[in-house]
Amino acid sequence: SAVISQKPSRDICQRGTSLTIQCQVDSQVTMMFWYRQQPGQSLTLIATANQGSEATYESGFVIDKFPISRPNLTFSTLTVSNMSPEDSSIYLCSVLQFYEQYFGPGTRLTVT
Amino acid sequence: AQSVTQLDSQVPVFEEAPVELRCNYSSSVSVYLFWYVQYPNQGLQLLLKYLSGSTLVKGINGFEAEFNKSQTSFHLRKPSVHISDTAEYFCAVSETGDGKLTFGQGTILTVHP
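Residues numbered from 1 in each chain as written. Chains lettered and ligands numbered in written order. Predicted model: local features only at pLDDT ≥ 70, side-chain atom pairs only at ≥ 80, totals over all residues. Heavy atoms only, no water.

What follows concerns the overall build of chain A. When you go through chain A residue by residue, the secondary structure sums to zero helices and 11 strands. Each helix (α) and strand (β) of chain A, taken in turn from the N terminus, gives the series β-β-β-β-β-β-β-β-β-β-β. Relative to its length of 112 residues, chain A is compact, with a C-alpha radius of gyration of 13 Å against a globular reference of 13 Å. Taken over the C-alpha atoms alone, chain A extends approximately 40 × 25 × 20 Å along its principal axes. Out of the 112 residues in chain A, the part that is buried amounts to 52%. Contacts spanning at least 24 positions in sequence make up 54% of the contacts within chain A whose residues lie at least 6 apart. Mean positive and mean negative side-chain charge positions of chain A (7 and 8 charges, respectively) differ by 8 Å. (Helix = DSSP H or I, 4+ residues; strand = E, 2+ residues; numbered from the N terminus. Rg over C-alpha atoms; globule rule 2.2 N^0.38 Å. Buried < 20%, exposed > 50% of the residue type's maximum accessible area, 1.4 Å probe, protein only. Contact = heavy atoms within 4.5 Å. Lys, Arg positive; Asp, Glu negative; His and termini not counted. Charge placed at Lys NZ, Arg CZ, Asp CG, Glu CD.)

In structure tokens form, the structure reads like this:
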């Protein structure tokens, strides 16, 4: 099974600033995903990040707000730009490996 | 488009009692189905999955789920719960198996002594 780590585990940020979240996987994977879990809500897919191509964003999410990098098969970053309190959420990195989806521990973001 | 409905937002039970967490999905095509558990302040852990084959799926920690295509359901069951099963449980569906999951709203299972 894939082991995923995320940095930072949590952060408190001021509105208008940006935060970059890192996701590291212990094995090479083709597909990586970023999900958001707003307080008291379920998980929503933000985008799919494949190495060597532009990320694919789901409806309601745009690259200017959530730019993603995928420089290699074990690493990805998600940036939350120009943050507002509505961006306060847990952001989770996920990978698909042999039809199983593994999730990182999440980054708990609070925007004040 | 696919969707998932978890019929109970909270389920309280006593220790050693059986439990069923209900999940219904909507999709126009064949689906893959998953149950995840999220313990307090932890990430998601896969409990079990249905990809094809036998409709009764056994997972970790004594949980099992049954896929019912006619009722478009994938209910999670455990015959005897423990205090340590207290957590939030998410049902999820994928139409394509490409990692894009649609999650239900979650069910908080609270096991009382």
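The next thing to look at is the packing of aromatic side chains. As enumerated under the stated definition, the model contains 12 aromatic pairs over all chains in all. An aromatic cluster is present here, built from Tyr35(A), Phe103(A), Phe34(B), Tyr36(B), Phe90(B) and Phe103(B) joined pairwise through their rings. (Phe/Tyr/Trp six-rings, centres within 6.5 Å; stacked < 30°, edge-to-face > 60°.)

Contact residues are listed per partner, giving 19 residues for chain B and 18 residues for chain A. Looking at the side of chain B facing chain A, the largest losses of area belong to Leu44(B), Lys100(B) and Phe103(B), adding up to 27% of the total buried there. At the boundary of chain B and chain A, one finds two salt bridges. Two residues, Lys100(B) and Glu58(A), come together in a salt bridge whose shortest N-O distance is 3.6 Å. On the surface where chain B and chain A come into contact, there are seven residue pairs in polar contact (both at pLDDT 80 or more). The set of elements that each furnish at least two residues to the side of chain B that touches chain A consists of strand S5 (32–38) and strand S6 (44–50) of chain B. It is S5(B) that provides the largest number of residues to the side of chain B that touches chain A, a total of four residues. Along the lines of polarity and charge, the residues of the side of chain B that touches chain A split into nine nonpolar, seven polar and three charged. (Buried area = accessible area lost by both parts, 1.4 Å probe. Salt bridge = Lys/Arg side-chain N within 4 Å of Asp/Glu carboxyl O. Polar contact = N/O pair within 3.5 Å; in protein donor to acceptor, adjacent residues only side chain to side chain. Nonpolar A, V, L, I, M, F, W, Y, C, P; charged D, E, K, R; others polar.)

Taken as a whole and judged by the stated rule, the model has two disulfides over all chains. Shown here is the disulfide that connects Cys23(A) with Cys93(A), its sulfur atoms set 1.9 Å apart. Taking the sign of the S-S torsion, -65° for the link of Cys23(A) and Cys93(A), the bridge is left-handed. Highlighted residues: Cys23(A) in strand S3 (residues 19–25) and Cys93(A) in strand S9 (residues 89–97), separated in sequence by 70 residues. Residue Cys23(A) shares its accessibility class with Cys93(A), and that shared class is buried. Through a disulfide, Cys23(B) is tied to Cys91(B); the S-S separation comes to 2.0 Å. The sign of the -65° torsion about the S-S bond sets the Cys23(B)-Cys91(B) disulfide as left-handed. Of this pair, Cys23(B) sits in strand S4 (residues 23–26) while Cys91(B) sits in strand S10 (residues 87–94), placing them 68 residues apart in sequence. Overall, Cys23(B) belongs to the buried group, its relative accessible area being 0%. The cysteine Cys13(A) is free of any disulfide, with Cys23(A) supplying the nearest cysteine sulfur at 18 Å. (Disulfide = S-S within 2.5 Å.)

With 28 residues, the main nonpolar core has Leu33(B), Trp35(B), Leu47(B), Leu48(B), Phe74(B), Leu76(B) and Tyr89(B) as its most contacted residues. It is S10(B) that provides the largest number of residues to this core, a total of four residues. Each residue touching Leu76(B), except ones within four places of it in the same chain, is listed here: Val19(B), Glu20(B), Leu21(B), Trp35(B), Leu47(B), Leu48(B), Phe63(B), Glu64(B), Ala65(B) and Tyr89(B). Counting 27 residues, the second largest nonpolar core, distinct from the first, contains Leu19(A), Val29(A), Met32(A) and Tyr102(A). (Core = buried A, V, L, I, M, F, W, Y, C linked by side-chain atoms within 4.5 Å.)

Turning our attention to the pattern of salt bridges. For the coordinates displayed, the defined rule picks out eight salt bridges over all chains. If you follow the salt bridges from partner to partner, you end up with Glu20(B), Glu66(B) and Arg77(B) in one network.

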